[in-house]
Amino acid sequence: WIGGKDNNDSLYVSATRYGSAIDSIFRTGPIMNLPYTFTEDSFWNKVWKVSKSDILFHLANYLNFGYVPISSILNWPAHGDTTKGESNIIAPFIDKNNDGKYNPFDGDYPEIYGDQTLLFIFNDDRNILTPKLKIEVMGMAYAFNCNDSSIFNTVFMKYWIKNKSNLEYDSVFVGLFFDFDIGCFSDDYLGTDVRRGIIYG
């Protein structure tokens, strides 16, 4: 959930609970200035999964004749289509030859966190409600494969939020809607540990 005020003190909020067709504010993909199509939806309505071992294998083999990277590396959404109004750079990547273009056959690869990363992109521009913030969000869920059980059993989240409107927002707050559903949905309890900055179910 994210909300803020413009220079005229008008409030803008983009927030959804369960993501149903009725109340879903967010839609997949980056913001663009052309009508959305089924082709656009089918490309962006996915999650890209890349692991550190995938990248190490890629770096060891990208110069080999006949090598083809795995789909998530080959089709990493590094660049948007600027002719459609999408940003030139969408998802972060390591540019091995510093030419500014993502090309895995030149040894380029996704920039990830942890030992495995899931990448997803969404925006609030396509919802029919107004006013909308016109924000583009890239999220990464990532985890570590390690002997520390507290880290091994933790999924980390990182979000990049881009303001793609022509407004400047003030007093912006960001929150997360959680519905833990641990076993039976009717007997869940939430707690907070302020000192450690965590909530738990």
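Just so we're clear, the structure is a prediction, and the values are computed from it rather than from any experiment. (Residues numbered from 1 in each chain as written. Predicted model: local features only at pLDDT ≥ 70, side-chain atom pairs only at ≥ 80, totals over all residues. Heavy atoms only, no water.)

Of the regular secondary structure elements, the protein chain holds four helices and 12 strands. With the C-alpha coordinates aligned to their principal axes, the bounding extent of the protein chain is approximately 55 × 45 × 30 Å. Within the protein chain, buried positions represent 33% of all 201 residues. The contacts of the protein chain with a sequence gap of at least 6 include a subset with a gap of at least 24, amounting to 54%. Of the roughly 12,800 Å² of accessible surface on the protein chain, a fraction of 55% belongs to carbon and sulfur atoms. (Helix = DSSP H or I, 4+ residues; strand = E, 2+ residues; numbered from the N terminus. Buried < 20%, exposed > 50% of the residue type's maximum accessible area, 1.4 Å probe, protein only. Contact = heavy atoms within 4.5 Å. Areas by Shrake-Rupley, 256 points an atom, 1.4 Å probe, with all protein chains shown as cover.)

All of the buried residues along helix H2 (residues 52-61) are Ile55, His58 and Asn61. An end-on view of H2 places all buried positions within 140° of arc, on one side of the element. Turned more than 90 degrees off the buried face of H2, the exposed positions are Ser53, Leu56 and Ala60. Those residues of H2 that are buried lie in contact with strand S4 (48-51), helix H3 (71-74) and strand S6 (109-110). (Arc of directions from axis to C-beta.)

Here the focus is the sheet that holds strand S2 (residues 11-14). The strand order S2-S1-S10 describes an open sheet built from three strands, whose pairing is antiparallel. Only two strands of the sheet have a single neighbouring strand rather than two, namely S2 and strand S10 (170-174). Between one strand and the next, the sheet's axes are offset by a mean angle of 10°, whatever the strand orientation. Of the pairings in the sheet, the one linking strand S1 (residues 2-5) to S2 comprises four bridges and is antiparallel in character. Within the sheet, the bridge partner assigned to Gly4 lies in S2 and is Tyr12. (Pairing = 2+ DSSP bridges. Axes fitted to C-alpha atoms, helices over the stretch in contact; angles between N-to-C directions.)

Ranked by size, the top nonpolar core spans 17 residues in total, and within it Val50, Trp76, Tyr102, Leu119 and Ile121 carry the most contacts. Elements that contribute at least two residues to this core include exactly S4, strand S7 (116-123) and strand S8 (135-143). Once residues lying within four places of it in the same chain are set aside, the contact partners of Trp76 are Trp48, Val50, Ser71, Ala91, Pro92, Phe93, Tyr102, Pro110, Glu111, Leu119 and Met140. By size, the runner-up hydrophobic cluster in this structure holds nine residues, among which are Ile25, Phe122, Leu133 and Tyr169. (Core = buried A, V, L, I, M, F, W, Y, C linked by side-chain atoms within 4.5 Å.)

This part covers the pattern of salt bridges. Tallying each qualifying case throughout the model produces seven salt bridges. The residue Arg126 makes a salt bridge to Asp41 at a minimum N-O spacing of 2.6 Å. Pair noted here: Arg126 is in the loop between S7 and S8 and Asp41 is in helix H1 (residues 38-44), with a separation of 85 residues, a long-range link. Judged by relative accessible area, Arg126 falls into the partly exposed class, the value being 25%. With a shortest N-O distance of 4.0 Å, Glu136 and Lys162 are connected by a salt bridge. Taken together, the residues Glu136 in strand S8 and Lys162 in strand S9 (residues 156-163) connect sequence positions 26 residues apart. Take Lys162: its relative accessible area is 31%, and that puts it in the partly exposed class. The network of salt bridges with common partners includes Glu40, Asp81 and Lys84. (Salt bridge = Lys/Arg side-chain N within 4 Å of Asp/Glu carboxyl O.)

Most of S8 is tucked away: eight of the nine residues are buried. Note that S7 and S8 share eight bridges and pair antiparallel. Note that in S8 the partner of Leu118 across the bridge is Ala141. Summarising the sheet, S8 and S9 pair through eight bridges and their orientation is antiparallel. Within S9, the position partnered with Val137 by the bridge is Ile161.

Before going further, it helps to spend a moment on unusual backbone geometry. Most peptide bonds take the trans form, and the phi angle of most residues other than glycine is negative. At Asp9, a position not held by glycine, the phi torsion is positive, near 70°. Owing to a relative accessible area of 54%, Asp9 belongs among the exposed residues under this scheme. Positive phi values are uncommon outside glycine, yet Ser171 reaches one of about 50°. Note on placement: Ser171 falls in strand S10.

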